[in-house]
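# Commentary on secondary and tertiary structure
Okay, here's what each chain looks like letter by letter:
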Amino acid sequence: MSKDREFYLRRLHSLLGIIPVGLFLTQHLIINHFATKGAEAFNGATHFMESLPFLIFLEIFVIYLPLMFHAFYGIYIAFTAKNNPKNFGTLRNYLFILQRFTGIFLVVFIAWHVFETRFQVAIGAKEVNFNMMVDILSNPWMLGFYIVGVISATFHLANGIWSFLVSWGITQSPKSQQVATYVTLAIFLALSVVGVQALLAFV
Amino acid sequence: MVTATETKKVQIEVFRQDTPESTPYWEKFEVNYRPNMNVISALMEIRQNPVNTDGKATTPVAWDMSCLEEVCGACSMVINGKPRQSCSALIDQLTQPIQLAPMKTFPVVRDLQVDRTRMFDSLKKVKAWVPIDGSYDLGEGPRMPERKRQWAYELSKCMTCGVCLEACPNVNSGASFMGPAPLSQVRLFNAHPTGSMNKDERLNAIMGDGGLANCGNAQNCVVACPKGIPLTTSIAALNRDTTVQMFKNFFGSDHMVD
(Lines give C-alpha, C1' and ligand atoms only; values in the text may rest on other atoms or scores of the structure.)
Protein backbone atom coordinates (compact mmCIF):
# COMPACT_ATOMS: atom_id res chain seq x y z
CA MET A 1 0.00 0.00 0.00
CA SER A 2 1.62 3.22 -1.18
CA LYS A 3 2.00 5.81 1.55
CA ASP A 4 1.20 8.52 -0.99
CA ARG A 5 -2.38 7.30 -1.05
CA GLU A 6 -2.61 7.77 2.71
CA PHE A 7 -4.41 11.11 2.40
CA TYR A 8 -7.20 9.62 0.28
CA LEU A 9 -7.48 6.47 2.38
CA ARG A 10 -7.81 8.56 5.54
CA ARG A 11 -10.42 10.80 3.98
CA LEU A 12 -12.31 7.74 2.71
CA HIS A 13 -12.09 6.21 6.19
CA SER A 14 -13.53 9.39 7.70
CA LEU A 15 -16.30 9.64 5.10
CA LEU A 16 -17.36 5.98 5.21
CA GLY A 17 -17.63 6.17 9.01
CA ILE A 18 -20.47 8.66 8.58
CA ILE A 19 -21.89 7.63 5.18
CA PRO A 20 -22.99 4.89 5.07
CA VAL A 21 -21.83 3.21 8.32
CA GLY A 22 -23.05 5.93 10.69
CA LEU A 23 -26.36 6.28 8.87
CA PHE A 24 -26.81 2.52 8.91
CA LEU A 25 -26.12 2.37 12.67
CA THR A 26 -28.73 5.08 13.31
CA GLN A 27 -31.29 3.30 11.15
CA HIS A 28 -30.46 -0.06 12.80
CA LEU A 29 -30.95 1.33 16.32
CA ILE A 30 -34.23 2.99 15.33
CA ILE A 31 -35.61 -0.22 13.76
CA ASN A 32 -34.53 -2.09 16.93
CA HIS A 33 -36.58 0.37 18.94
CA PHE A 34 -39.74 -1.32 17.60
CA ALA A 35 -38.94 -3.95 20.25
CA THR A 36 -40.24 -1.57 22.92
CA LYS A 37 -43.67 -1.81 21.24
CA GLY A 38 -43.73 -5.60 21.55
CA ALA A 39 -42.74 -8.74 19.65
CA GLU A 40 -45.21 -8.22 16.84
CA ALA A 41 -44.05 -4.68 16.01
CA PHE A 42 -40.39 -5.80 16.04
CA ASN A 43 -41.02 -8.85 13.87
CA GLY A 44 -42.99 -6.70 11.41
CA ALA A 45 -40.12 -4.19 11.15
CA THR A 46 -37.43 -6.85 10.67
CA HIS A 47 -39.59 -8.63 8.14
CA PHE A 48 -39.93 -5.38 6.18
CA MET A 49 -36.15 -4.86 6.21
CA GLU A 50 -35.54 -8.44 5.10
CA SER A 51 -38.03 -8.12 2.29
CA LEU A 52 -36.24 -5.14 0.70
CA PRO A 53 -35.44 -5.79 -2.96
CA PHE A 54 -31.76 -6.42 -3.82
CA LEU A 55 -31.16 -7.03 -0.09
CA ILE A 56 -27.87 -8.87 -0.58
CA PHE A 57 -26.45 -6.04 -2.73
CA LEU A 58 -27.64 -3.43 -0.26
CA GLU A 59 -25.95 -5.37 2.53
CA ILE A 60 -22.69 -5.81 0.62
CA PHE A 61 -22.32 -2.28 -0.74
CA VAL A 62 -23.99 -0.23 1.99
CA ILE A 63 -22.87 -2.26 5.00
CA TYR A 64 -20.25 -4.98 4.61
CA LEU A 65 -17.67 -3.39 2.28
CA PRO A 66 -17.67 0.12 3.82
CA LEU A 67 -17.72 -1.34 7.33
CA MET A 68 -14.86 -3.73 6.59
CA PHE A 69 -12.70 -0.97 5.08
CA HIS A 70 -13.48 1.29 8.05
CA ALA A 71 -12.71 -1.54 10.51
CA PHE A 72 -9.46 -2.81 9.00
CA TYR A 73 -7.99 0.59 8.17
CA GLY A 74 -9.14 1.72 11.62
CA ILE A 75 -7.19 -1.06 13.30
CA TYR A 76 -4.08 0.15 11.48
CA ILE A 77 -4.75 3.74 12.63
CA ALA A 78 -5.40 2.68 16.23
CA PHE A 79 -2.13 0.78 16.48
CA THR A 80 0.01 3.60 15.04
CA ALA A 81 -0.80 5.85 18.02
CA LYS A 82 1.32 6.03 21.14
CA ASN A 83 -1.11 7.22 23.83
CA ASN A 84 0.08 9.67 26.48
CA PRO A 85 -2.85 10.50 28.81
CA LYS A 86 -0.52 10.75 31.84
CA ASN A 87 1.25 13.83 30.51
CA PHE A 88 -1.69 15.33 28.61
CA GLY A 89 -4.91 14.72 30.54
CA THR A 90 -7.16 16.89 28.37
CA LEU A 91 -10.69 15.90 27.31
CA ARG A 92 -9.69 15.69 23.64
CA ASN A 93 -6.74 13.42 24.40
CA TYR A 94 -9.00 11.06 26.40
CA LEU A 95 -11.60 11.07 23.61
CA PHE A 96 -8.80 10.34 21.10
CA ILE A 97 -7.80 7.28 23.14
CA LEU A 98 -11.41 6.21 23.75
CA GLN A 99 -12.12 6.45 20.01
CA ARG A 100 -9.34 3.92 19.40
CA PHE A 101 -10.35 1.58 22.23
CA THR A 102 -14.04 1.56 21.24
CA GLY A 103 -12.99 0.99 17.63
CA ILE A 104 -11.00 -2.13 18.50
CA PHE A 105 -13.79 -3.39 20.78
CA LEU A 106 -16.38 -2.79 18.04
CA VAL A 107 -14.42 -4.95 15.58
CA VAL A 108 -14.78 -7.84 18.04
CA PHE A 109 -18.39 -7.03 18.97
CA ILE A 110 -19.61 -6.56 15.39
CA ALA A 111 -17.80 -9.70 14.19
CA TRP A 112 -19.64 -11.67 16.89
CA HIS A 113 -22.91 -9.87 16.24
CA VAL A 114 -22.75 -10.58 12.48
CA PHE A 115 -21.85 -14.22 13.15
CA GLU A 116 -24.75 -14.61 15.58
CA THR A 117 -27.50 -12.78 13.72
CA ARG A 118 -26.44 -13.07 10.07
CA PHE A 119 -24.09 -16.01 9.48
CA GLN A 120 -26.02 -18.47 11.64
CA VAL A 121 -29.21 -17.30 9.97
CA ALA A 122 -27.67 -17.65 6.52
CA ILE A 123 -26.74 -21.31 7.15
CA GLY A 124 -30.28 -21.88 8.42
CA ALA A 125 -29.40 -22.51 12.05
CA LYS A 126 -31.54 -19.62 13.27
CA GLU A 127 -34.24 -17.19 12.24
CA VAL A 128 -34.15 -13.45 12.88
CA ASN A 129 -37.04 -12.54 15.15
CA PHE A 130 -37.93 -11.21 18.57
CA ASN A 131 -37.40 -14.59 20.23
CA MET A 132 -33.87 -14.93 18.85
CA MET A 133 -32.86 -11.73 20.65
CA VAL A 134 -34.70 -12.83 23.81
CA ASP A 135 -32.65 -16.06 23.69
CA ILE A 136 -29.34 -14.23 23.20
CA LEU A 137 -29.99 -11.59 25.86
CA SER A 138 -31.29 -14.04 28.48
CA ASN A 139 -27.64 -14.57 29.34
CA PRO A 140 -26.67 -11.65 31.61
CA TRP A 141 -23.09 -11.69 30.27
CA MET A 142 -24.40 -11.37 26.72
CA LEU A 143 -26.71 -8.54 27.78
CA GLY A 144 -23.70 -6.74 29.27
CA PHE A 145 -21.67 -7.43 26.10
CA TYR A 146 -24.46 -6.01 23.92
CA ILE A 147 -24.99 -2.93 26.11
CA VAL A 148 -21.26 -2.13 26.06
CA GLY A 149 -21.25 -2.82 22.31
CA VAL A 150 -24.15 -0.45 21.61
CA ILE A 151 -22.72 2.33 23.80
CA SER A 152 -19.27 1.89 22.20
CA ALA A 153 -20.89 2.20 18.78
CA THR A 154 -22.86 5.35 19.65
CA PHE A 155 -19.78 6.92 21.24
CA HIS A 156 -17.58 6.00 18.29
CA LEU A 157 -20.11 7.49 15.87
CA ALA A 158 -20.71 10.69 17.86
CA ASN A 159 -17.01 11.36 18.40
CA GLY A 160 -16.41 10.31 14.80
CA ILE A 161 -18.81 13.02 13.62
CA TRP A 162 -16.75 15.53 15.60
CA SER A 163 -13.52 14.31 13.96
CA PHE A 164 -15.20 14.23 10.54
CA LEU A 165 -16.11 17.91 10.91
CA VAL A 166 -12.48 18.77 11.67
CA SER A 167 -10.90 16.39 9.16
CA TRP A 168 -12.88 17.81 6.25
CA GLY A 169 -12.24 21.37 7.40
CA ILE A 170 -15.84 22.24 8.32
CA THR A 171 -15.18 23.25 11.94
CA GLN A 172 -12.04 25.38 11.85
CA SER A 173 -12.34 27.80 14.78
CA PRO A 174 -11.92 26.57 18.39
CA LYS A 175 -15.42 27.97 19.07
CA SER A 176 -17.06 25.88 16.34
CA GLN A 177 -15.16 22.80 17.50
CA GLN A 178 -16.45 23.40 21.04
CA VAL A 179 -20.04 23.71 19.84
CA ALA A 180 -19.54 20.51 17.81
CA THR A 181 -18.41 18.79 21.04
CA TYR A 182 -21.74 19.66 22.70
CA VAL A 183 -23.81 18.69 19.65
CA THR A 184 -22.05 15.33 19.28
CA LEU A 185 -22.44 14.73 23.03
CA ALA A 186 -26.20 15.17 22.57
CA ILE A 187 -26.13 12.75 19.61
CA PHE A 188 -24.23 10.23 21.75
CA LEU A 189 -26.74 10.47 24.60
CA ALA A 190 -29.81 10.30 22.34
CA LEU A 191 -28.59 7.30 20.31
CA SER A 192 -27.45 5.50 23.49
CA VAL A 193 -30.91 5.85 25.03
CA VAL A 194 -32.57 4.56 21.84
CA GLY A 195 -30.14 1.64 21.58
CA VAL A 196 -30.19 0.53 25.22
CA GLN A 197 -33.99 0.89 25.54
CA ALA A 198 -34.35 -1.53 22.63
CA LEU A 199 -31.96 -4.03 24.23
CA LEU A 200 -33.79 -3.90 27.56
CA ALA A 201 -37.09 -4.55 25.76
CA PHE A 202 -35.89 -8.10 25.05
CA VAL A 203 -35.17 -8.84 28.72
CA MET B 1 20.02 34.37 55.49
CA VAL B 2 22.90 33.63 53.09
CA THR B 3 23.77 30.42 54.94
CA ALA B 4 20.11 29.35 54.84
CA THR B 5 19.96 29.53 51.05
CA GLU B 6 23.35 27.84 50.73
CA THR B 7 22.23 24.73 52.55
CA LYS B 8 19.04 24.38 50.45
CA LYS B 9 19.34 21.67 47.82
CA VAL B 10 17.67 20.93 44.50
CA GLN B 11 16.97 17.29 43.64
CA ILE B 12 17.40 16.47 39.97
CA GLU B 13 17.00 13.15 38.16
CA VAL B 14 18.32 12.87 34.62
CA PHE B 15 17.38 10.16 32.13
CA ARG B 16 20.83 9.61 30.64
CA GLN B 17 22.03 7.86 27.55
CA ASP B 18 25.75 7.67 26.71
CA THR B 19 25.50 6.96 22.98
CA PRO B 20 22.62 6.94 20.43
CA GLU B 21 22.36 3.15 20.74
CA SER B 22 23.15 2.51 24.43
CA THR B 23 20.57 1.70 27.11
CA PRO B 24 19.28 4.77 28.97
CA TYR B 25 19.35 4.96 32.78
CA TRP B 26 18.29 7.37 35.53
CA GLU B 27 20.98 9.21 37.49
CA LYS B 28 20.24 11.38 40.54
CA PHE B 29 21.96 14.65 41.36
CA GLU B 30 21.76 17.24 44.13
CA VAL B 31 22.81 20.82 43.54
CA ASN B 32 22.95 23.90 45.75
CA TYR B 33 19.90 26.13 45.45
CA ARG B 34 20.24 29.69 44.28
CA PRO B 35 17.33 32.14 43.92
CA ASN B 36 15.82 32.41 40.39
CA MET B 37 17.50 29.24 39.13
CA ASN B 38 16.26 27.66 35.94
CA VAL B 39 16.80 24.08 34.76
CA ILE B 40 19.79 25.16 32.66
CA SER B 41 21.60 26.83 35.56
CA ALA B 42 20.96 23.68 37.63
CA LEU B 43 22.46 21.57 34.81
CA MET B 44 25.45 23.95 34.75
CA GLU B 45 25.93 23.29 38.48
CA ILE B 46 26.04 19.56 37.72
CA ARG B 47 28.54 20.19 34.94
CA GLN B 48 30.82 22.08 37.38
CA ASN B 49 30.89 19.13 39.74
CA PRO B 50 29.60 15.96 38.03
CA VAL B 51 29.08 13.80 41.11
CA ASN B 52 25.79 11.91 41.61
CA THR B 53 23.92 11.51 44.90
CA ASP B 54 25.81 8.26 45.61
CA GLY B 55 28.96 10.38 45.75
CA LYS B 56 30.30 8.76 42.59
CA ALA B 57 32.08 10.86 39.97
CA THR B 58 30.27 10.69 36.64
CA THR B 59 30.35 12.35 33.23
CA PRO B 60 28.79 15.84 32.88
CA VAL B 61 25.24 15.81 31.55
CA ALA B 62 24.97 16.82 27.87
CA TRP B 63 22.16 19.12 26.66
CA ASP B 64 21.55 21.68 23.91
CA MET B 65 20.98 25.40 24.45
CA SER B 66 21.42 28.65 22.63
CA CYS B 67 19.32 31.78 23.13
CA LEU B 68 18.29 31.25 26.80
CA GLU B 69 15.12 33.32 26.26
CA GLU B 70 12.69 30.80 24.73
CA VAL B 71 12.96 31.87 21.12
CA CYS B 72 15.42 29.39 19.59
CA GLY B 73 13.87 26.06 20.65
CA ALA B 74 17.21 24.28 21.11
CA CYS B 75 16.96 23.51 24.84
CA SER B 76 13.64 21.59 24.67
CA MET B 77 13.41 18.52 26.90
CA VAL B 78 10.81 16.62 28.92
CA ILE B 79 10.63 18.22 32.36
CA ASN B 80 8.48 16.38 34.92
CA GLY B 81 6.66 14.65 32.06
CA LYS B 82 5.97 17.81 30.04
CA PRO B 83 7.99 18.74 26.94
CA ARG B 84 9.12 22.37 27.23
CA GLN B 85 12.15 24.66 27.08
CA SER B 86 14.60 24.21 29.95
CA CYS B 87 15.61 27.90 29.84
CA SER B 88 12.13 29.08 30.84
CA ALA B 89 11.56 26.22 33.34
CA LEU B 90 12.17 27.85 36.73
CA ILE B 91 13.29 25.65 39.62
CA ASP B 92 10.98 27.50 42.05
CA GLN B 93 7.94 26.46 39.99
CA LEU B 94 8.82 22.77 39.62
CA THR B 95 8.01 19.82 41.88
CA GLN B 96 11.10 18.05 43.15
CA PRO B 97 12.76 15.74 42.39
CA ILE B 98 12.84 17.39 38.97
CA GLN B 99 12.87 14.70 36.30
CA LEU B 100 14.65 15.59 33.07
CA ALA B 101 14.38 13.35 30.02
CA PRO B 102 15.13 13.81 26.33
CA MET B 103 12.25 14.17 23.83
CA LYS B 104 12.21 10.50 22.79
CA THR B 105 10.17 11.26 19.68
CA PHE B 106 13.52 12.30 18.19
CA PRO B 107 16.70 10.21 17.98
CA VAL B 108 18.72 10.78 21.15
CA VAL B 109 22.30 11.96 20.52
CA ARG B 110 23.42 11.91 24.13
CA ASP B 111 21.64 12.44 27.48
CA LEU B 112 19.19 15.34 26.88
CA GLN B 113 20.45 16.14 23.37
CA VAL B 114 18.18 15.08 20.52
CA ASP B 115 18.49 15.29 16.75
CA ARG B 116 15.64 17.42 15.32
CA THR B 117 16.76 17.02 11.69
CA ARG B 118 13.42 15.45 10.70
CA MET B 119 11.65 18.75 11.43
CA PHE B 120 13.95 20.68 9.08
CA ASP B 121 13.55 17.97 6.45
CA SER B 122 9.77 18.39 6.77
CA LEU B 123 10.05 22.16 6.30
CA LYS B 124 11.95 21.50 3.05
CA LYS B 125 9.40 18.92 1.99
CA VAL B 126 6.45 21.31 2.44
CA LYS B 127 8.38 24.22 0.83
CA ALA B 128 8.05 26.46 3.88
CA TRP B 129 9.41 29.56 2.20
CA VAL B 130 8.37 32.26 -0.31
CA PRO B 131 10.18 31.67 -3.63
CA ILE B 132 11.24 35.02 -5.07
CA ASP B 133 14.49 34.16 -6.85
CA GLY B 134 14.46 34.79 -10.58
CA SER B 135 16.52 36.15 -13.45
CA TYR B 136 14.96 39.61 -13.25
CA ASP B 137 13.51 41.98 -10.66
CA LEU B 138 9.99 40.83 -9.88
CA GLY B 139 9.09 44.14 -8.28
CA GLU B 140 6.85 44.56 -5.27
CA GLY B 141 4.49 41.81 -4.25
CA PRO B 142 0.80 42.29 -3.50
CA ARG B 143 -0.09 44.00 -0.21
CA MET B 144 -1.12 41.90 2.76
CA PRO B 145 -4.22 43.00 4.66
CA GLU B 146 -3.19 44.22 8.12
CA ARG B 147 -5.66 42.01 10.00
CA LYS B 148 -4.40 38.97 8.13
CA ARG B 149 -0.83 39.94 8.97
CA GLN B 150 -1.78 39.97 12.63
CA TRP B 151 -2.96 36.37 12.81
CA ALA B 152 -0.25 35.17 10.40
CA TYR B 153 2.36 36.75 12.69
CA GLU B 154 1.29 34.38 15.48
CA LEU B 155 2.11 31.42 13.20
CA SER B 156 5.55 32.89 12.47
CA LYS B 157 6.53 32.52 16.15
CA CYS B 158 7.24 28.81 15.60
CA MET B 159 10.85 28.03 16.61
CA THR B 160 10.88 24.39 15.44
CA CYS B 161 11.46 23.32 19.06
CA GLY B 162 9.78 19.93 18.65
CA VAL B 163 7.52 20.17 21.71
CA CYS B 164 4.35 19.64 19.64
CA LEU B 165 5.84 16.54 18.01
CA GLU B 166 6.74 15.13 21.42
CA ALA B 167 3.19 15.83 22.68
CA CYS B 168 1.46 14.26 19.66
CA PRO B 169 0.43 10.61 20.08
CA ASN B 170 0.59 10.07 16.31
CA VAL B 171 4.22 11.20 15.96
CA ASN B 172 6.30 8.17 16.90
CA SER B 173 8.79 5.67 15.56
CA GLY B 174 5.98 3.55 14.15
CA ALA B 175 4.49 6.34 12.01
CA SER B 176 5.74 8.77 9.38
CA PHE B 177 3.64 11.77 10.54
CA MET B 178 5.61 15.02 10.22
CA GLY B 179 3.72 16.59 13.15
CA PRO B 180 1.91 19.90 13.67
CA ALA B 181 4.82 22.40 13.38
CA PRO B 182 5.63 22.04 9.66
CA LEU B 183 1.91 21.86 8.83
CA SER B 184 1.24 25.19 10.51
CA GLN B 185 4.10 26.69 8.45
CA VAL B 186 2.21 25.72 5.29
CA ARG B 187 -0.72 27.80 6.54
CA LEU B 188 1.68 30.70 7.27
CA PHE B 189 3.31 30.71 3.83
CA ASN B 190 0.00 30.12 2.03
CA ALA B 191 -1.39 33.17 3.85
CA HIS B 192 1.45 35.32 2.48
CA PRO B 193 0.28 37.14 -0.71
CA THR B 194 3.40 36.17 -2.66
CA GLY B 195 3.74 32.79 -0.97
CA SER B 196 0.19 31.89 -1.95
CA MET B 197 1.29 31.89 -5.62
CA ASN B 198 2.71 28.42 -4.85
CA LYS B 199 0.05 27.29 -2.40
CA ASP B 200 -1.00 24.25 -4.45
CA GLU B 201 2.57 22.91 -4.25
CA ARG B 202 2.58 23.12 -0.46
CA LEU B 203 -0.91 21.62 -0.16
CA ASN B 204 0.04 18.74 -2.45
CA ALA B 205 3.17 18.18 -0.34
CA ILE B 206 1.16 17.79 2.88
CA MET B 207 -1.28 15.49 1.06
CA GLY B 208 1.63 13.05 0.62
CA ASP B 209 3.36 10.54 2.87
CA GLY B 210 3.42 11.51 6.55
CA GLY B 211 1.29 14.55 5.90
CA LEU B 212 -1.82 16.24 7.18
CA ALA B 213 -4.17 13.24 7.17
CA ASN B 214 -2.16 11.57 9.94
CA CYS B 215 -3.56 14.04 12.48
CA GLY B 216 -5.85 12.24 14.95
CA ASN B 217 -7.21 15.37 16.64
CA ALA B 218 -5.94 14.58 20.13
CA GLN B 219 -5.13 18.32 20.25
CA ASN B 220 -2.19 17.92 22.65
CA CYS B 221 -0.04 20.10 20.39
CA VAL B 222 -1.99 23.29 20.95
CA VAL B 223 -1.86 22.72 24.73
CA ALA B 224 1.89 22.03 24.67
CA CYS B 225 3.07 24.79 22.29
CA PRO B 226 5.22 27.26 24.32
CA LYS B 227 4.51 30.03 21.80
CA GLY B 228 0.72 29.66 21.95
CA ILE B 229 0.46 28.98 18.21
CA PRO B 230 -3.11 27.91 17.26
CA LEU B 231 -1.84 24.63 15.78
CA THR B 232 -5.21 22.83 15.76
CA THR B 233 -6.84 25.78 14.02
CA SER B 234 -4.04 25.63 11.44
CA ILE B 235 -4.63 21.92 10.93
CA ALA B 236 -8.39 22.39 10.52
CA ALA B 237 -7.78 25.29 8.10
CA LEU B 238 -5.43 23.09 6.05
CA ASN B 239 -7.99 20.27 6.16
CA ARG B 240 -10.42 22.65 4.45
CA ASP B 241 -7.80 23.82 1.92
CA THR B 242 -6.78 20.25 1.06
CA THR B 243 -10.44 19.23 0.68
CA VAL B 244 -10.77 21.92 -2.00
CA GLN B 245 -7.35 21.04 -3.48
CA MET B 246 -8.33 17.36 -3.70
CA PHE B 247 -11.36 18.22 -5.85
CA LYS B 248 -9.34 20.69 -7.95
CA ASN B 249 -6.70 18.03 -8.57
CA PHE B 250 -9.22 15.43 -9.67
CA PHE B 251 -11.75 17.49 -11.62
CA GLY B 252 -9.31 20.11 -12.85
CA SER B 253 -9.22 23.84 -12.17
CA ASP B 254 -7.78 27.07 -13.57
CA HIS B 255 -7.65 28.38 -10.00
CA MET B 256 -4.83 26.37 -8.43
CA VAL B 257 -3.21 29.47 -6.91
CA ASP B 258 -6.05 31.95 -6.55
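For chain B, an unreviewed UniProt entry supplies the name succinate dehydrogenase and the organism Psychrobacillus vulpis. The UniProt entry for chain B carries this comment under Sequence similarities (unreviewed entry): "Belongs to the succinate dehydrogenase/fumarate reductase iron-sulfur protein family."

Looking up chain A in an unreviewed UniProt entry gives the name Succinate dehydrogenase, with the organism given as Psychrobacillus vulpis. The heading Subcellular location (unreviewed entry) in the UniProt record of chain A holds the text "Membrane".

Here the focus is the overall build of chain B. Looking only at helices and strands, chain B features nine helices and seven strands. Along the three orthogonal principal directions, the C-alpha set of chain B runs to about 75 × 40 × 35 Å. A buried classification covers 41% of the 258 residues belonging to chain B.

Listed as interface residues are 27 residues of chain A and, on the opposing side, 27 residues of chain B. Put simply, the parts of the chain that give the side of chain A that touches chain B at least two residues each are helix 1 (6–32), helix 4 (91–122) and helix 6 (140–167) of chain A. Residues of the side of chain A that touches chain B, tallied by class, amount to seven nonpolar, twelve polar and eight charged.

All names here are of chain A. Taken N-terminus to C-terminus, the directions of helix 3 (residues 55–80) and helix 4 make an angle of 140°; their axes are 10 Å apart at the nearest point. By the angle between their directions, the pair helix 3 and helix 4 is classed as oblique. When the axes of helix 3 and helix 4 are compared, the crossing they make is left-handed. Residue-level inspection shows Ala-71, Gly-74, Ile-75 and Ala-78 of helix 3 in contact with helix 4, the latter providing Arg-100, Gly-103, Ile-104 and Val-107. Residue classes in the contact of helix 3 with helix 4 are distributed as five nonpolar, two polar and one charged.

Residues and elements named next belong to chain B. Considered for burial, the residues of helix 3 (residues 117–125) that qualify are Arg-118, Met-119 and Ser-122. Down the axis of helix 3, the buried set is contained in an arc of 100°. They therefore lie on one face. Opposite the buried face of helix 3, at more than 90 degrees from it, the exposed residues are Thr-117, Phe-120, Asp-121 and Lys-124. Contact partners of the buried residues in helix 3: helix 6 (180–191). Residue Lys-127 follows helix 3 closely and has a positive phi angle near 55°.

Residue and element names in this part refer to chain B. Pairing is mixed in the open sheet, where five strands are placed in the order 2-1-5-3-4. For this open sheet the edge positions go to strand 2 (25–32) and strand 4 (82–85), each flanked by a neighbour on one side alone. Averaged over all pairs of adjacent strands, the angle between strand axes in this sheet comes to 35°, irrespective of strand direction. Here strand 3 (residues 76–79) runs beside strand 4; their pairing, made up of four bridges, is antiparallel. Across the sheet, Val-78 pairs through a bridge with Pro-83, a residue of strand 4. Helix 2 (residues 39–48) contacts strand 1 (9–16), strand 2, strand 3 and strand 5 (98–101) of the sheet and is inclined by roughly 95° relative to strand 2.

The subject of this paragraph is the packing of helix 6 of chain A against helix 7 (residues 174–201) of chain A. All names here are of chain A. Look at helix 6 against helix 7: their axes get within 9 Å of each other, and the N-to-C directions meet at 155°. Put simply, helix 6 runs roughly antiparallel to helix 7. Crossing handedness for the pair helix 6 and helix 7: right-handed. Partitioning the contact of helix 6 with helix 7 into residue classes produces 19 nonpolar, seven polar and no charged.

Attention now moves to helix 2 of chain B. Residue and element names in this part refer to chain B. Among the residues of helix 2, those classed as buried are Val-39, Ala-42, Leu-43 and Ile-46. Around the axis of helix 2, the buried residues are gathered within 100° of arc, so they sit on the same side. Against strand 1, strand 2, strand 3 and strand 5 lie the buried residues of helix 2.

Quick notes on the rules
- All residue numbers here refer to positions counted from 1 along the written sequence of the relevant chain.
- Lettering of chains starts at A and numbering of ligands starts at 1, both following the order in which they are written.
- Only residues with pLDDT of at least 70 are given local features in this predicted model, and only at 80 or more are side-chain atom pairs given and counted; all residues enter the totals for whole chains, interfaces and linings.
- UniProt positions are given in the numbering used here, feature names are shortened, and annotations may be inferred rather than shown by experiment.
- Counting from the N terminus, the helices are DSSP H or I runs at least four residues long and the strands are E runs at least two residues long.
- Backbone-placed C-beta atoms define the burial measure: a residue is buried with 20 or more other C-beta atoms within 10 Å of its own, exposed with 12 or fewer, and partly exposed in between.
- Residues are scored as being in contact if the C-beta atoms we place from backbone atoms lie within 7 Å.
- Following the grouping adopted for this structure description, the nonpolar residues are Ala, Val, Leu, Ile, Met, Phe, Trp, Tyr, Cys and Pro, the charged ones are Asp, Glu, Lys and Arg, and the polar ones are all others, Gly among them.
- As a rule, the C-alpha atoms of each element are fitted with a line to give its axis, helices using only the stretch in contact, and angles between N-to-C directions run from 0 to 180 degrees.
- For classification, angles of less than 35 degrees are called roughly parallel, those exceeding 145 degrees roughly antiparallel, those between 65 and 115 degrees roughly perpendicular, and all remaining angles oblique.
- For any helix crossing, the convention is left-handed if the near helix is rotated counterclockwise from the far helix by under a right angle, and right-handed if that rotation is clockwise.
- Picture the helix axis, draw a direction to every C-beta atom, and the arc is the one those directions span.
- Here, a strand pair is defined by DSSP locating no fewer than two bridges between the strands.

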